[in-house]
Amino acid sequence: MAKNSKYMIIDGIRAEFTDEKNILQVIHKVGIHVPTFCYYSDMSIYGACRMCVVEDDRGSIVASCSTPPRDKMVIYTNTSRLHDYRKMILELLLASHCRDCTICEKNGNCRLQMLASRFRLTDVRFPNTHPERMIDDSSRAIVRDPSKCILCGDCVRMCNEVQHVGAIDFAGRGADMVVTPAFNRRIADTDCVNCGQCAAVCPTAAITIKKDLREVWKALYEPNKRVVVQVAPAVRVAIGEEFGLNPGKNSIGKIFTALRMLGFDTVFDTSLGADLTIVEEAAELVRKLDNGDKTYPKGNSLPLFTSCCPGWVRFVETKHPDLLPYVSTCKSPMEMFGAVIKEYYKPADREAGLETVSVAVMPCVAKKYEASREEFKRDNVPDVDYVITTKELIRMIKELGIQFNEIEPSSPDMPFSISSGAGVIFGVTGGVTEAALRHVAAKDNETLRQLEYSGIRGMEGVKVAEVEIGGRTLRIAVVNGLGNADDLIEKIRSGEERFDFVEVMACPYGCIGGAGQPFGYQIVKEERAQGMYKADKSAIIKRSGENPVVSQLYETGVLKGRNHELLHVDYLKKEEE
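Note that residues are indexed from 1 along each chain, following the sequence as it is written. Owing to the predicted nature of the model, reporting of local features is limited to residues with pLDDT of at least 70; listing and counting of side-chain atom pairs is limited to 80 or more, with chain, interface and lining totals taken over all residues. The basis for the side-chain values is all heavy atoms of the structure; hydrogens and waters are excluded.

1. Topic: the overall build of the protein chain
1) Next: Per the convention used, a helix needs a DSSP run of H or I reaching at least four residues, while a strand needs a run of E reaching at least two, with both numbered from the N terminus. Within the protein chain one finds 20 helices and 19 strands.
2) Next: Its C-alpha atoms give the protein chain a radius of gyration of 25 Å, near enough to 25 Å, the size a compact globule of 577 residues would have.
3) Next: For the C-alpha atoms alone, the extent of the protein chain along its principal axes is close to 80 × 60 × 50 Å.
4) Next: Residue burial is assigned from relative accessible area. The probe radius is 1.4 Å, only protein chains are included, and a residue is buried under 20% of its type maximum, exposed over 50%, and partly exposed in between. Buried residues in the protein chain amount to 57% of all 577 residues.
5) Next: Residue contacts follow a heavy-atom distance rule, with two residues in contact if any of their heavy atoms lie within 4.5 Å. Across the protein chain, the fraction of contacts at a sequence separation of at least 24, relative to all contacts at a separation of at least 6, is 72%. The atom set for the radius of gyration is the C-alpha atoms, and the globule formula is 2.2 Å times the number of residues raised to the power 0.38.

In structure tokens form, the structure reads like this:
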């Protein structure tokens, strides 16, 4: 123990601290869980809910989230006054809250409900002033129910501070305060990018993910429908958390088995779609490097931006439309695979009188919006009919009573049963870049090791690396979180930074942190990332271009002579109309 170390006394326990920003972080170090509604370590301190209050040795009550620790400070986290105080806050919240818990979307996973149970609230002394407010279900991705809002501000800070979207904010004062888009517009009429991160941090059901389960169940029960499903890479390392498995546990085999038990006719891995994306996107990058590109007035060449994240694409369309020409024309892996699936089954469907229904299981909420875009419909038929999230699949598994822990793993179906490790790591920030570099780099194991330690991996919001490829040094940026992307774009515009290639994922930490995944703090997402890299290490094929299924699709399959038609999209056409 260092002689000059700073410490606090928390409930009689000595707790040393160094750079902790607030008392709450020090409390966590001694294993005490103080209740909170509005505190997230990666967002600004709001201090509105007051659930985290503590009492010092002089009887003063302070909010632990917004009070910095002081050397030799003595605090108590559980006194009679604090207990009554917290129960009073919960009663006041419940007095103005919808109490139809049994039919609420977040029943069993609502923080207000959990804390009411924790403090054994069996009665509320105040009259119920629950307001009847209009539900906003205009978005393809999220649903807003203002009557369940407790004004914690989590969604507002996420949308404004972390994502720089600004689709929602506080309006009104006092008892009339609400969270709403400006001028009380529908969320679909704003610049919302459909990332769903607001829903991910909402402690109640004031913002939830729009569900497509009714339509999927209906399709599964119709005998004239061939229901095909693809599963995104990041789903495999998160779904098991809801069934008692450790975060990062690769459950893809169990997922395939569960999907068959649910009634899906054919099951595939979207990692194959990621392999297709890499083949096309890497070729696009090589063309850009060989031919040059338009430049800013200052002479700084614009990079090629990735296009596999629909939240990012929407962000460019609404906030930086001048960058659209520099966004890759490649469809996302989901949409590429969706187009291939529909084309592949067309002849068999005509012969058997069936209709193929394409379903995608995604960690991403913006994929629901992407699937509905006109750009991804051919003859007015979408290539992906329905998108369900990891949490929706969990709900289906539980609804059918499948014991996920006990079922045996199985493999994806032919003919799209092979994918590479490069396709798997798409689900973590930096994975797209690493997969693309593997494709264009020398085909040896030493190159793989060099790429692994090049600075591309890691959970930082912005990573910058220089990689030697074919005698040429590429300057690359890997970004997760739209606020980080926004800041980087301004540096590129000013000439402060210059890149050849920029990967952007809208959700913090990439797809493993998508709003459709079970909620988890940073440490959980780091474990998910490690699970993705472990899956890559165990993969027989490491590079997308070495996938024999990909080669067959180009040489004799549905992509022969049609790869641009089926695998690329023109977002600029919409802007020009």
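Now that the structure is up, let's keep going.
2. Considerations on the layout of surface pockets
1) Next: A pocket, in this scheme, is an open set of points on a 1 Å grid over the protein atoms alone with protein on both sides within 12 Å along at least 5 of 7 lines, while a cavity is a set where a 1.4 Å probe fits but cannot get out; residues line either one if an atom lies within 4 Å of a point. Grid points are joined across faces, edges and corners, and a volume is the space filled by probe spheres set on the points. Of the volumes computed, that of the second largest pocket is approximately 700 Å³.
2) Next: Looking at the second largest pocket, it is lined by 33 residues, and the ones nearest its centre are Leu93, Ser96, Cys149, Ile150 and Leu151.
3) Next: The set of elements that each furnish at least two residues to the lining of the second largest pocket consists of helix H2 (80-95), helix H4 (154-162) and strand S8 (178-180).
4) Next: The residue makeup of the lining of the second largest pocket, split by class, is 22 nonpolar, six polar and five charged. Following the grouping adopted for this structure description, the nonpolar residues are Ala, Val, Leu, Ile, Met, Phe, Trp, Tyr, Cys and Pro, the charged ones are Asp, Glu, Lys and Arg, and the polar ones are all others, Gly among them.

3. Let's talk about empty space enclosed by the protein
1) Next: Across all of its chains, the model carries two cavities of 30 Å³ or more by this definition.
2) Next: What the largest cavity holds in volume is close to 290 Å³.
3) Next: Of all elements in the fold, only helix H9 (310-319), helix H10 (333-352) and helix H11 (366-372) reach the threshold of two or more residues within the lining of the largest cavity.
4) Next: Among the secondary structure elements, those contributing two or more residues to the lining of the second largest cavity are strand S6 (142-144), H4 and helix H5 (197-201).
5) Next: Considered class by class, the residues forming the lining of the second largest cavity number 12 nonpolar, four polar and one charged.

4. Considering the side chain of Glu284
1) Next: Looking at the element boundaries, Glu284 is found in helix H8 (residues 271-291).
2) Next: Buried and unpaired, Glu284 has Arg287 as its nearest opposite-charge partner, separated by 5.1 Å.
3) Next: Setting aside anything within four residues of it in sequence, one finds Glu284 in contact with Leu304, Ser328, Thr329 and Cys330. In this tally Asp and Glu are treated as negative and Lys and Arg as positive; neither His nor the chain ends contributes. For salt bridges, the criterion is a side-chain nitrogen of Lys or Arg within 4 Å of an Asp or Glu carboxyl oxygen.

5. So, unusual backbone geometry
1) Next: Cis geometry is adopted by the peptide bond preceding Pro415, which originates at Met414 and carries an omega value of 5 degrees.
2) Next: Within the secondary structure layout, Pro415 lies in the loop between helix H12 (390-399) and helix H13 (421-424).
3) Next: Phi angles above zero are rare outside glycine, and Arg50 is one such case at about 65 degrees.
4) Next: The topology assignment puts Arg50 in the loop between helix H1 (23-29) and strand S3 (53-56).

6. A short note on the sheet that holds strand S10 (residues 225-231)
Pairing between the strands of a sheet comes from backbone hydrogen bonds, and it takes one of two forms, parallel or antiparallel.
1) Next: By the convention used here, strands pair only if DSSP detects at least 2 bridges between them. The four strands are arranged S11-S10-S13-S16 in an open sheet whose pairing can be described as parallel. The two strands at the open ends of the sheet, each matched to only one other strand, are strand S11 (266-269) and strand S16 (386-389). Taking the axes of each pair of neighbouring strands and ignoring which way they run, one obtains an average angle of 25 degrees across the sheet.
2) Next: Across the face of the sheet, H10 comes into contact with S10, S11, strand S13 (355-362) and S16 while running at roughly 155 degrees to S10. The angle between two axes is taken between their N-to-C directions and runs from 0 to 180 degrees, where each axis is a line fitted to C-alpha atoms and a helix contributes only its stretch in contact.

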